Amino acid sequence: PMEAQAAPGARPVRLYVYDLSRGLARRLSPVMLGKQLEGIWHSGIVVYEEEFFYGSGGITSCQPGGTLLGPPDSVMDLGNTEVTEDIFMEYLASLGESMFRGSSYNLFDHNCNTFSNEVAQFLTGKKIPSFITDLPSEVLSTPFGQALRPILDSVQIQPPGGGEFNRHGGRS
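Reading the values: the criteria
- Residues numbered from 1 in each chain as written.
- Predicted model: local features only at pLDDT ≥ 70, side-chain atom pairs only at ≥ 80, totals over all residues.
- Heavy atoms only, no water.
- Helix = DSSP H or I, 4+ residues; strand = E, 2+ residues; numbered from the N terminus.
- Buried < 20%, exposed > 50% of the residue type's maximum accessible area, 1.4 Å probe, protein only.
- Areas by Shrake-Rupley, 256 points an atom, 1.4 Å probe, with all protein chains shown as cover.
- Core = buried A, V, L, I, M, F, W, Y, C linked by side-chain atoms within 4.5 Å.
- Contact = heavy atoms within 4.5 Å.
- Phe/Tyr/Trp six-rings, centres within 6.5 Å; stacked < 30°, edge-to-face > 60°.
- Expected span 1.5 Å × (residues − 1).
- Arc of directions from axis to C-beta.
- Axes fitted to C-alpha atoms, helices over the stretch in contact; angles between N-to-C directions.
- Left-handed = near helix turned anticlockwise from the far one by under 90°.
- Nonpolar A, V, L, I, M, F, W, Y, C, P; charged D, E, K, R; others polar.
- Salt bridge = Lys/Arg side-chain N within 4 Å of Asp/Glu carboxyl O.

I'd like a description of the overall build of the protein chain, backed by residues and values.
Counting its regular elements, the protein chain contains six helices and six strands. Reading the protein chain from its N terminus to its C terminus gives the helix and strand order β-α-β-β-β-β-α-α-α-α-α-β. Split into buried and exposed, the 172 residues of the protein chain put 42% on the buried side. Accessible surface, the protein chain as shown: approximately 9,000 Å² in total, 52% of it carbon and sulfur.

Set out below in structure tokens:
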């Protein structure tokens, strides 16, 4: 079948993926874990020309690739969405007051990838790849993961001047 043409009003949805360990996991995992890990993944959803992600500060947005992690290690196309920006912002506001408060953040099981997965399903009906969502619990439960944990917990992602999305630049 031919490639589905994006309907008018459809907006592309992308997943930006970052290695929080900046190559450490790739280099050290064969020795420390006895298996190869490509990275310890942080992800954000890019839609409507903004990148949305979740961390201990709650849901945040910035320019795509504008976090302190620099450019993403990979970009995945998740498809298109018909959801309007207004509806999406309302949806994020409700997530930010419920499941995805900053205080609910947990590196092991309620993290940026949980958020990306939730948002991807809302926008496109599809999940993000499981190798991203499965990683933390699998790795962090090992001694290697425990050793990495203080490093991962201390990684600053939020850009200077980045704010909670709903205060973002007052666009209307």
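Please set out the nonpolar core residue by residue, giving values where relevant.
Judged by nonpolar contacts, the single largest core of 42 residues is most densely connected at Ile-45, Phe-88, Leu-92, Phe-115, Val-119 and Leu-123. If we ignore the near neighbours within four places in the chain, the residues touching Val-119 are Ile-45, Phe-88, Tyr-91, Leu-92 and Leu-95.

Describe the packing of aromatic side chains, and please don't skip the residues or the numbers.
The description of an aromatic ring pair rests on the distance of the ring centres and on the angle between the ring planes. Considering all chains together, one arrives at nine aromatic pairs under this definition. With a centroid separation of 6.3 Å and an interplanar angle of 80 degrees, the aromatic rings of Trp-41 and Phe-131 are classed as edge-to-face. Pair noted here: Trp-41 is in strand S2 (residues 41-47) and Phe-131 is in helix H4 (residues 130-133), with a separation of 90 residues, a long-range link. Here the aromatic rings of Tyr-54 and Phe-115 are separated by 6.1 Å at their centres, their planes lie at 35 degrees, and the arrangement is tilted.

Which residues make up helix H2 (residues 85-97), and what values do they have?
For H2, spanning 13 residues, the distance from its first C-alpha to its last is 18 Å, which sits close to the expected 18 Å at 1.5 Å a residue. Taken together, the buried positions of H2 are occupied by Phe-88, Tyr-91, Leu-92 and Leu-95. The buried residues of H2 occupy an angular sector of 100 degrees when projected down its axis, which confines them to one face. Of the residues in H2, the exposed ones pointing more than 90 degrees away from the buried face are Asp-86, Glu-90 and Glu-97. The inward-facing, buried residues of H2 contact S2, strand S3 (50-55), strand S4 (58-62) and helix H3 (112-124).

How would you explain the packing of H2 against H3 if you had to name every residue and give the values?
Closest axis-to-axis distance for the H2/H3 pair is 12 Å, and the angle between their directions is 145 degrees. Of the two possible hands of crossing, H2 and H3 adopt the one that is right-handed. When H2 is examined against H3, the residues Ile-87, Phe-88, Tyr-91, Leu-92 and Leu-95 are found in contact with a partner set consisting of Phe-115, Glu-118, Val-119, Phe-122 and Leu-123. The residue makeup of the contact of H2 with H3, split by class, is nine nonpolar, no polar and one charged.

Report on the side chain of Ser-21, specifying residues and quantitative values.
Along the chain, Ser-21 turns up in the loop between strand S1 (11-19) and helix H1 (24-32). By relative accessible area, Ser-21 is classed as buried at 6%. Those residues within four positions of Ser-21 in sequence are excluded, and the remaining contacts are Ile-40 and Leu-152.

Any chance you could break down unusual backbone geometry for me, citing the residues and the numbers?
A positive phi angle is found at Tyr-48, which is not glycine, with a value near 50 degrees. One non-glycine residue, Glu-49, lies in the positive phi region at around 55 degrees. Relative to the elements of secondary structure, Glu-49 occurs in the loop between S2 and S3. By relative accessible area, which is 62% here, Glu-49 ends up exposed.

Break down the pattern of salt bridges for me, citing the residues and quoting the values.
Taken as a whole, this structure holds three salt bridges when the rule is applied. Linking Glu-49 and Arg-11 is a salt bridge whose minimum nitrogen-to-oxygen distance equals 3.5 Å. Residue Glu-49 is located in the loop between S2 and S3, and its partner Arg-11 is located in strand S1; the two are separated by 38 residues in the primary sequence. Among the residues examined, Arg-11 registers a relative accessible area of 28% and is labelled partly exposed. Ionic pairing is found between Arg-26 and Glu-38, a salt bridge with its closest N-O pair at 3.3 Å.

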